Amino acid sequence: MSEPATLEIISDGISKDEVIFSPGDILSDEPSLESDLHRDQIDLLIRILKLWWRDRQDFYASGNLTIYYSPNQKKPESFRGPEFFVVLGTQKKDRKSWVVWQQDGKYPNLIVEILSSSTATVDKGLKKQVYQDTFRTPDYLWFYPVTMELQGFHLVDGKYQEIQVTTDGRLWSQQLELYLGVYEGKLRFFTTENQLILSSEELAEQECLRAEQAEERAQ
């Protein structure tokens, strides 16, 4: 299993284009999401994974949250946060942002970008390069809700190699040990047995249906 990068700090002289972050909490600096579709998709991934891993305390899952990866962040190279990301081997708690040098140098183990017409070029180009070369994030996927395009990459010897799509059109994440695939127009998680991982609402509906069927049988 590939390991994400740990922080490498370069302590050169600080230029006028650099920002020195003060110690302590750093707020996320992400713009508002482009559409309800993007917000709902991100929220769905976060909620389902947290529910599936509800007994685990060793991960952090979030989205549209800034990842700060250099105390001396260069303004022209400032990098906004992924739509969805997961960090393994860390404490499960709420955060205002993900500050790499305050989190034992940990970068995301998995990143998912939700494409749009205005971000697709950057997500497939610049961001992919940064996730590969700087973050060294083992699993990187993108999903375009409009066209249902889903593509993923796994880091092998420092370079991204495309993840082969299964016959069901799903991608295996070695980091999460789960499949990701499209279900009813949304990107969803699937188990190793290819079972859809349900949301809390779907679980409630399932229980309600079972109760109704049990009542019908009793009558």
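Values in this document were obtained by computation on a predicted structure and should not be read as measured data. (Residues numbered from 1 in each chain as written. Predicted model: local features only at pLDDT ≥ 70, side-chain atom pairs only at ≥ 80, totals over all residues. Heavy atoms only, no water.)

Summing up its helical and strand segments, the protein has four helices and 13 strands in all. Per-residue burial over the protein gives 44% buried out of 219 residues. The long-range share in the protein, meaning contacts at least 24 apart out of those at least 6 apart in sequence, stands at 62%. (Helix = DSSP H or I, 4+ residues; strand = E, 2+ residues; numbered from the N terminus. Buried < 20%, exposed > 50% of the residue type's maximum accessible area, 1.4 Å probe, protein only. Contact = heavy atoms within 4.5 Å.)

Our focus in this paragraph is the pattern of salt bridges. Enumeration over the complete set of coordinates arrives at eleven salt bridges. As a salt-bridge pair, D43 and R47 come within 2.8 Å of each other at their nearest N and O atoms. With D43 and R47 both in helix 1 (residues 36-52) and four residues apart, this pair spans about one turn of that helix. Taking relative accessible area as the criterion, R47 reaches 30% and is therefore assigned partly exposed. Three or more residues joined by partner-sharing salt bridges are found here, namely D36, R39 and D40. (Salt bridge = Lys/Arg side-chain N within 4 Å of Asp/Glu carboxyl O.)

If you trace the three strands from one edge of the open sheet to the other, you get 11-12-13, paired in antiparallel fashion. Two strands close off the open sheet at either side, each with one partner strand: strand 11 (171-173) and strand 13 (186-190). This sheet shows a mean twist of 35° between the axes of neighbouring strands, independent of strand direction. Lying on the sheet, helix 1 is in contact with strand 12 (178-183) and strand 13; it crosses strand 13 at an angle near 10°. (Pairing = 2+ DSSP bridges. Axes fitted to C-alpha atoms, helices over the stretch in contact; angles between N-to-C directions.)

Once that is clear, we can look at the packing of aromatic side chains. The full count for this structure, using the stated rule, is 13 aromatic pairs. Relative to F189, the ring of F84 lies with its centre 6.2 Å away and its plane at 55°, an arrangement referred to as tilted. Residue F84 is located in strand 5 (residues 84-88), and its partner F189 is located in strand 13; the two are separated by 105 residues in the primary sequence. Exposure remark for F189: the relative accessible area of 1% places this residue in the buried category. By way of ring pairs, the aromatic residues Y69, Y107, Y131, F135, Y140, W142, F153 and Y160 are connected into one cluster. The side chain of R95 reaches across the aromatic face of Y60, ending 4.7 Å from its centre. (Phe/Tyr/Trp six-rings, centres within 6.5 Å; stacked < 30°, edge-to-face > 60°. Lys NZ or Arg CZ within 6 Å of the ring centre and 35° of its normal.)

Function cannot be read off these values alone, since they describe shape.
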